[in-house]
Structures are given as C-alpha cells and as structure tokens.
Amino acid sequence: MTATPRDVVFVDGVRTPFGKAGDKGMYAQTRADDLVVRCIRGLLERNPQLPPERVDEVAVAATTQTGDQGLTIGRTASLLAGLPKSVPGFAIDRMCAGAMTAVTTTASGIGFGAYDVAIAGGVEHMGHHPMGSGVDPNPRFVAEKIVDPSALVMGATAENLHDRFPGITKERADAYAAASQAKLAAAYEAGKVQQGLVTMATRHAERGWGLATADEPMRPGTTVEDLRDLRTPFRPHGRVTAGNAAGLNDGATACLVAEAGTAHALGLTPRMRLVGYAFAGVDPEVMGVGPVPATEKALRRAGLTIDDIGLFEINEAFAVQVLAFLDHFGIADDDPRVNPWGGAIAVGHPLASSGVRLMTQLAAHFEEHPEVRYGLTTMCIGIGMGGSVIWENPHHAEAGAWARPDAATGATAAEEGAA
C-alpha cells in the first residue's frame, strides 16, 4: 500500500538575540546548550496549548559537536528544557545548514507519518567553539587534490567566488552589505524583529549580569564609505572584508513543525506549509554558489519556476554569495522581495542556527504579504553545498485546505494522542 504524504506546516519559530563571539561578546560566559534550551522553553511558553508530551522528536544542530554543544544536544536540551523524558532527541551537523536540515529531516518524518509534532533548531557558540576547532581534515583532501586547499577557509571560498563572477566587485558587495544593515535597523525600529526573539539572561566577567534583548553584531548607520577601506584578510587587495561578510557569532534557534491537521486539532496556527526542499553539492572552493543548484533542484521537483517565488530569505554568509544567486536568476540587488529585514551580514550568522532564523522571518513576511503564495529560504553550506526550502503562504487566496482550521488530515492522530 502506498501512503500519501501528509502536509507539514511551520507553526512558530524563535531565536535568541545573536551575540558577537569572543571574550567581549555578551554570551562569553553563557553555555551553548542553555541558549537552545531557552529557545525550546520559549516555544512552549508561546504555544501553551501544545501538551509537551505531544512533541515526538527534538532535533538540534551544531557544527562543532563538542563541549557544551555536544552529547547529542537534541536529547540533552530536551531534558534541560523540561520536556518529558519520553520525548527523544538527536543532533545534526550540516555546517551552516544544520537547523535547516533539522527542519527538513523532522518534516520528512512528519510527512511519512513517523511524527505529528517536532521541535527543530540549531545552536552555535563560536566563542567557545571556533569554526574548525578540533577538526582533523584527512590529508588526502589536499595530497590527492580532492579539493582545493582554499575550500577549507570560508573567506577564501568567497574570494574565489568573486573570481568566478568578475561583475561582482568589492564596491557592489559593500553596497549590498550597507543596505543589509539599513534594512535590519529599519525592521528593529518598526518592532518587527523583536517579535521572534526570546530574551536571554547573561553573565559577563566585566559587565556582570545582564539581559540580551537585541542582536549584538548590528551596525546601524553603516555606509559604503565606512566599508571601503576595511582590511581584506583572505587575500592581499582582495574583496572580502568583515564589513561585507557575516561575523563570528553565538546564538540559537528553534521552531515547531507539525502535520497540518494535528496542528489545527491542537489549536496551533500554521504559518506556512513546506512545499519542497533540496540540497545540492558544488565545487567546495566556491561553496557560496551552492544555493543556485539547490534552488533549481527544489523548484524543478515542486513544479515551480523562480517567477513563482514572491519572497526570498537568503543567508548572507558573504555578500558575493547572495549577489551570485541574484545574478543567476536575474534579480536586482535591491529587489524588495529579498531579505526585507536585512540578513546575516547585519544580524549575525551562528552557523548551525541560521536556517530557522530564515524560516521565522519568512513566516512573518507572509503575514504582511497575502498576495505572495510561495517563498524561499536558501543558504550556502561549507565544503561545497547549498540548501533550499520552498514554503507556501496560508494567507494566499489559493492556499489549500491545510491552511484552514477545518483541515482534517491529522485530526485522528491528534485525537488519539489526546486520548
């Protein structure tokens, strides 16, 4: 017998404010697992109608799975957050797309019928665990020329991408970066970003106890002139700087995904439906181009074209990576559909956590734009990959039965669980 896949919906997402990595950052003395625990608790606080025992799985991503973000963090964070001991959990690593993969993996389980409700997210404390710390790349990678040596340095891969796309100049990358800062500042001023944040208690050796309520990396008022003479650390006279790239950051995210009918039966409101997703590999030395084939693959499998996408949340690991995507699909640098609240260049990029930030923001954009039916979250991934997820807006006039409270596809499962 062939089972019919079930509709998977994104119910809610939260994140901690993102901090600057390092001894002076606001999370310098905060544990990584406590960051993601705060997010899980925040989800449950915001959705009190969800019985904690109805959570079927907790998937948490971390790129460097050691220390305070090791030990199967999906399970340990679940226990620390107070979920019943009957709720299982696991850890995921797909570098920058860890949280994205946590969502697609649990969503696949929901579509298949293994779960009804899951929590998925990610955490990265780059202050405690700098990218690449403790790793031991196999010497065959270089000795046998499996990858170019630059593939192991993300900033170097961005310089390589500039080489591949000579039309993406440093000036153009700086202009994009300054616009990202301006958009984030405007979103904060309008009170939009704050709706998805959970406050986080902090303790710092110099500043004492505090409360994190806003993103630490943002630099409102940044101009192209401010970025013009910044150092290019990855290549003499290069084009990649700290101003047109995401920084080193600490932070966590988490979201609720569920089967559509189950969500309605439990009194949860679907904020978007997962239409399809894809991951694709590219040359590791130009990993930033990964979103292009991943998006083409996702669109093809969904029977859509890029013209069907009305909103884009593209992770800004580097400005050049976003600009390469936009050029490929014929989208202008300042297209208002792209990253309406700015992106990682301004807000930060705690590696494995960022995928859920993109999703949470897209869900908020859908509420403001009922005329848009489909949106895309996409990101490049270290060691030469890209990931893309297509979502449908419940507020669109042509959204299916999944968007209505009378959706019945999962009511039986929910009623059985309640019984």
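Residues numbered from 1 in each chain as written. Predicted model: local features only at pLDDT ≥ 70, side-chain atom pairs only at ≥ 80, totals over all residues. Heavy atoms only, no water.

**A look at unusual backbone geometry**
Phi is mostly negative for residues that are not glycine, and the peptide bonds are mostly trans. Positive phi, close to 50°, is recorded for Met 95, a residue that is not glycine. Mapped onto the fold, Met 95 is located in the loop between strand 4 (89-92) and helix 3 (98-112). A residue is classified by how much of its surface remains accessible, and Met 95, at 17% relative accessible area, is buried. (Helix = DSSP H or I, 4+ residues; strand = E, 2+ residues; numbered from the N terminus. Buried < 20%, exposed > 50% of the residue type's maximum accessible area, 1.4 Å probe, protein only.)

**Notes on the UniProt feature "domain: Thiolase C-terminal" (unreviewed entry) in the protein chain**
The UniProt feature table records "domain: Thiolase C-terminal" (unreviewed entry) at residues 269-392. Its end C-alpha atoms 14 Å apart, residues 269-392 is made of 34% helix and 26% strand. (UniProt positions renumbered as here; feature names shortened; annotations may be inferred.)

**Things to note about the state of the cysteines**
Counting across every chain of the model gives zero disulfides. Left unpaired, Cys 39 is separated from the closest cysteine sulfur, that of Cys 255, by 10 Å. Judged by its relative accessible area of 0%, Cys 39 is buried. The structure places no disulfide on Cys 380, whose sulfur is separated from the nearest cysteine sulfur, that of Cys 96, by 6.0 Å. Cys 380 sits in the buried class, given a relative accessible area of 1%. (Disulfide = S-S within 2.5 Å.)

**Section: helix 3**
Compared with an ideal rise of 1.5 Å per residue, which puts 15 residues at 21 Å, helix 3 spans 21 Å between its outermost C-alpha atoms and is within 8% of the ideal. In terms of residue burial, helix 3 counts as a mostly covered element, since twelve of its 15 residues are buried. Looking only at helix 3, the buried set comprises Gly 98, Ala 99, Met 100, Thr 101, Ala 102, Val 103, Thr 104, Thr 106, Ala 107, Gly 109, Ile 110 and Gly 111. Backbone geometry just downstream of helix 3 places Gly 113 in the positive-phi region, at approximately 105°. (Expected span 1.5 Å × (residues − 1).)

**A look at the packing of helix 1 (residues 32-46) against helix 2 (residues 73-80)**
Their axes nearest at 9 Å, the elements helix 1 and helix 2 cross at an angle of 60°. Taken together, the axes of helix 1 and helix 2 are oblique relative to one another. Considering how the two elements wind past one another, helix 1 and helix 2 form a crossing that is right-handed. Along its contact with helix 1, which presents Asp 33, Val 36, Val 37, Ile 40 and Arg 41, the element helix 2 presents Ile 73, Ala 77, Ser 78 and Leu 80. Its residues assigned to classes, the contact of helix 1 with helix 2 comprises six nonpolar, one polar and two charged. (Axes fitted to C-alpha atoms, helices over the stretch in contact; angles between N-to-C directions. Parallel < 35°, antiparallel > 145°, perpendicular 65-115°, else oblique. Left-handed = near helix turned anticlockwise from the far one by under 90°. Contact = heavy atoms within 4.5 Å. Nonpolar A, V, L, I, M, F, W, Y, C, P; charged D, E, K, R; others polar.)

**Remarks on the UniProt feature "domain: Thiolase N-terminal" (unreviewed entry) in the protein chain**
The sites that carry the UniProt feature "domain: Thiolase N-terminal" (unreviewed entry) are, in the present numbering, residues 8-259. Secondary structure within residues 8-259 divides into 31% helix and 19% strand; the distance between the first and last C-alpha atoms comes to 5 Å.

**Some points on the packing of helix 9 (residues 291-302) against helix 10 (residues 319-329)**
Across the interface, helix 9 lies against helix 10 with an axial gap of 9 Å and an inter-helix angle of 45°. Taken together, the axes of helix 9 and helix 10 lie oblique to each other. Contacts between helix 9 and helix 10 involve Pro 291, Val 292, Thr 295 and Glu 296 on the former and, on the latter, Gln 321, Ala 324, Phe 325, His 328 and Phe 329. A class-by-class count of the residues in the contact of helix 9 with helix 10 yields five nonpolar, three polar and one charged.

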